Amino acid sequence: DTDKKAQDLAKKRERDVHEQAEKKCKTESDKEKSKLMSDLDKLKDKLRAVADKIPSVQKENPAFLTLVTNNFWKQGIVLVQSARDHGVKHPFIIMAVDPDGMSPSNPAFVKLPAEAEAAFARLNAEVRYIEPVAVPAGAEFENPRWSIAWNKLRAWEFTEFTRLVFLDSDMMVRQDITEMLSFPEFTSAPGQDEPCETHHGINGGVLIFSPNKTVYNELIAFSQDVPTSKWRQAEQELLGHFYMTFYRNKFHLISGLYNISLRSCQCLYPIVLSDHVKIIHFYSGPKPWDHTAQIWADPNLPDLEAPCIAEIILQWYNTLERGLTQ
């Protein structure tokens, strides 16, 4: 019995020692775990602090855009439809403004006709009614309508896009122009007063840039200092002077094939109808909307100063019909 009691006592002591050892290990493990969690939280805080100092990298989000009014929107339908016809799949933004400079918040503001909104929607083009950009006091545009074109400056505030290609609405795309989204900033088409003359300056109908609110504010401030020319050439004169003055290293011109005038039929007849031309711009000479398609189909029409004019204008009307009915 004495031996059995001694054995039981020894076993009890062994269990007690084992339990104490387990408790000690658990206590030390909890302390170590707590310390590790604390160190991990501190490390996370440090990483967040570092991350906050790193500029965010915006995912590439390029788009095309144009400018229309409630009485000049069919041209935009042709532009977007022709771009879609030739493989342009990127977003297309339609900046819509009041021709008299009225704010969209004004109860008297007239939106685009329902037919226009529906057609743009079918073409996967987003209509945005934008606040007009005030023309600086003292500016005297050569053409009063160019006060509407001044509103394209608002696009520099569309910073959700990484790159924008602005195209005047009175254009018709003849080839895939998706590559324009990868052209460097700031890029424009060369300007010219008349077709077949030497290029000079820029043409505000083709603008490629990265939206930036700081640059927008700089543009507006720069425009307030009206030069002796009084910005007669409107926004294209402003943009040419601005980028040549402050961002000369970003100033680029692209081929005139992205901005061929219909009047170029007079001197570049074979080229205008060729596959080399990317965009026809109806900024000079006869415009499709000057007459109906039926009148343009008359070969005796006096405005047909070159054989390719009627062919291109009838293409414009065919594109418009598809844009409104498809």
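Just so we're clear, the structure is a prediction, and the values are computed from it rather than from any experiment.

Notes on the nonpolar core
Residues Phe64, Phe92, Phe120, Leu167, Ile177 and Met180 are the most contacted members of the largest nonpolar core, which totals 47 residues. Look past the residues within four positions of Phe92 in its chain and what remains in contact with it is Phe64, Leu65, Thr66, Leu79, Val80, Ala83, Arg84, Asn124, Ala125 and Glu126. Formed by 34 residues, the second largest nonpolar core is a distinct cluster that contains Ile148, Val215, Tyr216 and Phe251.

Notes on the side chain of Thr66
Of note, Thr66 is situated in strand E1 (residues 62–69). On the basis of relative accessibility, which here comes to 0%, the residue Thr66 falls in the buried class. Within the local environment of Thr66, its side chain forms a polar contact with the backbone nitrogen of Ser169, the two atoms lying 3.1 Å apart. Those residues within four positions of Thr66 in sequence are excluded, and the remaining contacts are Leu79, Phe92, Ile93, Ile94, Met95, Phe166, Leu167, Asp168 and Ser169.

Some words on the sheet that holds strand E9 (residues 260–261)
Strand order in the open sheet formed by three strands is E5-E10-E9, and the pairing between neighbours is mixed. Strands with a single pairing partner mark the edges of an open sheet, and in this sheet they are strand E5 (171–173) and E9. Across three bridges, the pairing between E5 and strand E10 (residues 279–281) is antiparallel. The residue of E10 that forms the bridge with Met172 is Ile280.

Digging into the pattern of salt bridges
What the rule picks out here adds up to seven salt bridges. Within this structure, Glu126, Arg128 and Glu160 form a network of salt bridges that share partners.

As for the layout of surface pockets
Each pocket or cavity is described by its volume, and for the largest pocket that value is around 1000 Å³. Around the largest pocket, the lining comprises 38 residues; the ones closest to its centre are Trp146, Asp168, Glu235, Gln236 and Tyr283. Element by element, the count of residues in the lining of the largest pocket is highest for helix H6 (residues 234–246), at seven residues. When its residues are assigned to classes, the lining of the largest pocket shows 13 nonpolar, 16 polar and nine charged.

Points about helix H3 (residues 114–122)
If you check which residues of H3 are buried, you get Ala116, Ala119 and Phe120. Viewed end-on, H3 has its buried residues packed into an arc of 95 degrees, placing them on one side of the element. Residues of H3 that are exposed and angled more than 90 degrees away from the buried face: Ala114 and Ala121. Immediately beyond the C-terminal end of H3, within one or two residues, lies Asn124, with a positive phi of roughly 55 degrees.

Concerning the sheet that holds strand E2 (residues 92–97)
The strand order across the open sheet built from seven strands is E3-E2-E1-E4-E7-E6-E8, with neighbouring strands paired in mixed fashion. Lying at the two open borders of the sheet, with one neighbouring strand each, are strand E3 (125–129) and strand E8 (252–253). Where E1 meets E2, six bridges bridge the pair, whose relative direction is parallel. What sits directly across from Thr69, in E2, is Val97. Contacting E1, E2, E3 and strand E4 (163–167), helix H2 (residues 74–85) runs over the sheet at an angle of about 175 degrees to E2.

Parameters and conventions
- Here, residues in each chain are numbered from 1, in the same order as that chain's written sequence.
- pLDDT decides what is reported in this predicted model: residues at 70 or higher carry local features, side-chain atom pairs at 80 or more are listed and counted, and totals for whole chains, interfaces and linings draw on all residues regardless.
- Just so you know, side-chain values use all the structure's heavy atoms and leave hydrogens and water out.
- Remark: nonpolar core denotes a set of buried residues (Ala, Val, Leu, Ile, Met, Phe, Trp, Tyr, Cys) joined through side-chain atoms within 4.5 Å.
- Partly exposed describes any residue whose relative accessible area lies between the buried limit of under 20% and the exposed limit of over 50%, with all areas from a 1.4 Å probe on protein chains only and scaled to the type maximum.
- We call two residues in contact whenever any of their non-hydrogen atoms come within 4.5 Å of each other.
- A run of H or I in DSSP counts as a helix once it spans at least four residues, and a run of E counts as a strand once it spans at least two, with each numbered from the N terminus.
- Polar contacts, as counted here, are pairs of nitrogen or oxygen atoms within 3.5 Å of one another; within protein the pair requires one atom able to donate a hydrogen and one able to accept it, and residues that are adjacent in sequence qualify only if both atoms are side-chain atoms.
- Pairs of strands are assigned from DSSP output, requiring at least two bridges between the strands.
- In the sections that follow, a salt bridge refers to a side-chain nitrogen of Lys or Arg positioned within 4 Å of a carboxyl oxygen of Asp or Glu.
- Grid points spaced at 1 Å over the protein atoms alone were grouped into cavities, where a 1.4 Å probe fits but cannot get out, and pockets, open sets with protein on both sides within 12 Å along at least five of seven lines, with lining residues defined by an atom within 4 Å of a point.
- Grid points are joined across faces, edges and corners, and a volume is the space filled by probe spheres set on the points.
- Under the scheme applied here, ten amino acids are nonpolar (Ala, Val, Leu, Ile, Met, Phe, Trp, Tyr, Cys and Pro), four are charged (Asp, Glu, Lys and Arg), and all others, including Gly, are polar.
- The directions considered for the arc are those from the helix axis to the C-beta atoms.
- Throughout, an axis means a line fitted to C-alpha atoms (over the contacting stretch in the case of helices), and angles, computed between N-to-C directions, take values from 0 to 180 degrees.

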